[in-house]
Amino acid sequence: MDKNIDQLAQRYRDAWLTAKRLPSGIKLGHSSGWPEMIFDQREQIRRAEREVLSVRPTPDDEERMLECIRWLAVLVDEDRKLVWLRASGLAWRAIAQRTGMPRSSVHRRWHRALLAVLLRQSHGEIE
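Thresholds applied
Residues numbered from 1 in each chain as written. Predicted model: local features only at pLDDT ≥ 70, side-chain atom pairs only at ≥ 80, totals over all residues. Heavy atoms only, no water. Helix = DSSP H or I, 4+ residues; strand = E, 2+ residues; numbered from the N terminus. Buried < 20%, exposed > 50% of the residue type's maximum accessible area, 1.4 Å probe, protein only. Contact = heavy atoms within 4.5 Å. Areas by Shrake-Rupley, 256 points an atom, 1.4 Å probe, with all protein chains shown as cover. Axes fitted to C-alpha atoms, helices over the stretch in contact; angles between N-to-C directions. Parallel < 35°, antiparallel > 145°, perpendicular 65-115°, else oblique. Nonpolar A, V, L, I, M, F, W, Y, C, P; charged D, E, K, R; others polar. Arc of directions from axis to C-beta. Phe/Tyr/Trp six-rings, centres within 6.5 Å; stacked < 30°, edge-to-face > 60°.

Novice: Could you clarify how one ought to interpret the overall build of the protein in this entry?
Specialist: Summing up its helical and strand segments, the protein has 6 helices and 0 strands in all. Helices (α) and strands (β) of the protein occur, in sequence order from the N terminus, as α-α-α-α-α-α. The buried share among the 127 residues of the protein stands at 24%. Counting contacts in the protein only where the partners sit at least 6 residues apart, residues at least 24 apart contribute 70% of the total. As displayed, the protein has an accessible area near 9,600 Å², and 52% of this comes from carbon and sulfur atoms.

Novice: What exactly am I supposed to notice about the environment of Val-55 here?
Specialist: Checked against the element boundaries, Val-55 lands in the loop between helix 2 (41-53) and helix 3 (59-71). Assessed through its relative accessible area of 56%, Val-55 is described here as exposed. In this structure the C-alpha to C-alpha distance between Val-55 and Thr-18, which are 37 residues apart in sequence, comes to 9.8 Å.

Novice: Please clarify how the packing of helix 5 (residues 92-99) against helix 6 (residues 103-122) should be interpreted in this entry.
Specialist: For any two helices packed against each other, one specifies the inter-axial angle together with the distance between the axes. Two elements in contact, helix 5 and helix 6, have axes separated by 8 Å at closest approach and are oriented at 100°. If you check the angle between helix 5 and helix 6, you find them roughly perpendicular. Where helix 5 abuts helix 6, its residues Trp-92, Arg-93, Ile-95, Ala-96 and Thr-99 lie against Arg-103, Val-106, His-107 and Trp-110. Considering only residue class, the contact of helix 5 with helix 6 consists of 5 nonpolar, 2 polar and 2 charged.

Novice: How do you make sense of helix 5 when you look at a structure like this?
Specialist: At 3.6 residues per turn, the α-helix brings residues three or four places apart onto the same side. Every buried residue of helix 5 is listed here: Trp-92, Ile-95 and Ala-96. The arc that holds the buried residues of helix 5, viewed along the axis, is 100°, so those residues lie on one side. Turned more than 90 degrees off the buried face of helix 5, the exposed positions are Arg-93, Gln-97 and Arg-98. The elements touched by buried residues of helix 5 are helix 4 (77-87) and helix 6. Directly after helix 5, the chain includes Gly-100, whose backbone phi takes a positive value near 80°.

Novice: Honestly, the environment of Asn-4 in this entry has me stumped. Any pointers?
Specialist: Inspection of the secondary structure assignment puts Asn-4 in helix 1 (residues 2-21). Taking the C-alpha atoms as reference, Asn-4 lies 8.8 Å from Leu-115; in sequence the two are 111 residues apart.

Novice: I'm lost on the packing of aromatic side chains in this one. Help?
Specialist: The geometry of an aromatic ring pair is captured by two quantities: the separation of the ring centres and the angle between the planes. Taken as a whole and assessed by the stated rule, the structure comprises 2 aromatic pairs. Arranged with centres 6.4 Å apart and planes meeting at 75°, the rings of Tyr-12 and Trp-71 form a pair that is edge-to-face. Of the two residues, Tyr-12 is situated in helix 1 and Trp-71 in helix 3; the sequence distance between them amounts to 59 residues. Each member of the pair, Tyr-12 as well as Trp-71, carries the same accessibility label: buried. Between Trp-92 and Trp-110, the aromatic rings sit 5.1 Å apart at their centres with planes inclined by 70°, giving edge-to-face as the arrangement.

Novice: Hey, could you run me through helix 4 in this one?
Specialist: Along helix 4, the residues classified as buried are Asp-79, Leu-82, Val-83, Leu-85 and Ala-87. Here the buried face of helix 4 lies against helix 1, helix 5 and helix 6. Positive phi appears at Gly-89, one or two residues downstream of helix 4, with a value of about 95°.

This is the structure:
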């Protein structure tokens, strides 16, 4: 069972990394009162170099990420947050400080949350 939990934890890590690689230009229906930025030639070159370095995820990567996010729906909000914080690569101590829980409790709740996802998958409740 621990092997399955480790595999699921790796899936969430991959999903988090995929989410970080998505373009940030997604329009959410919000607007800004700030004027549009006009960059000089030097800054345009720097921005272009930065965009080339970031590799956009494949559609398959995006689909796997969305699948992992859908699995989070079976968890309560606090457990979702724990799973996502751990997927981001934070150490247990840092997660414990952010959540205000003891480190051992954070690890136990994270483990229980992943186990709940695995059990729901095995019973066919989620795909």
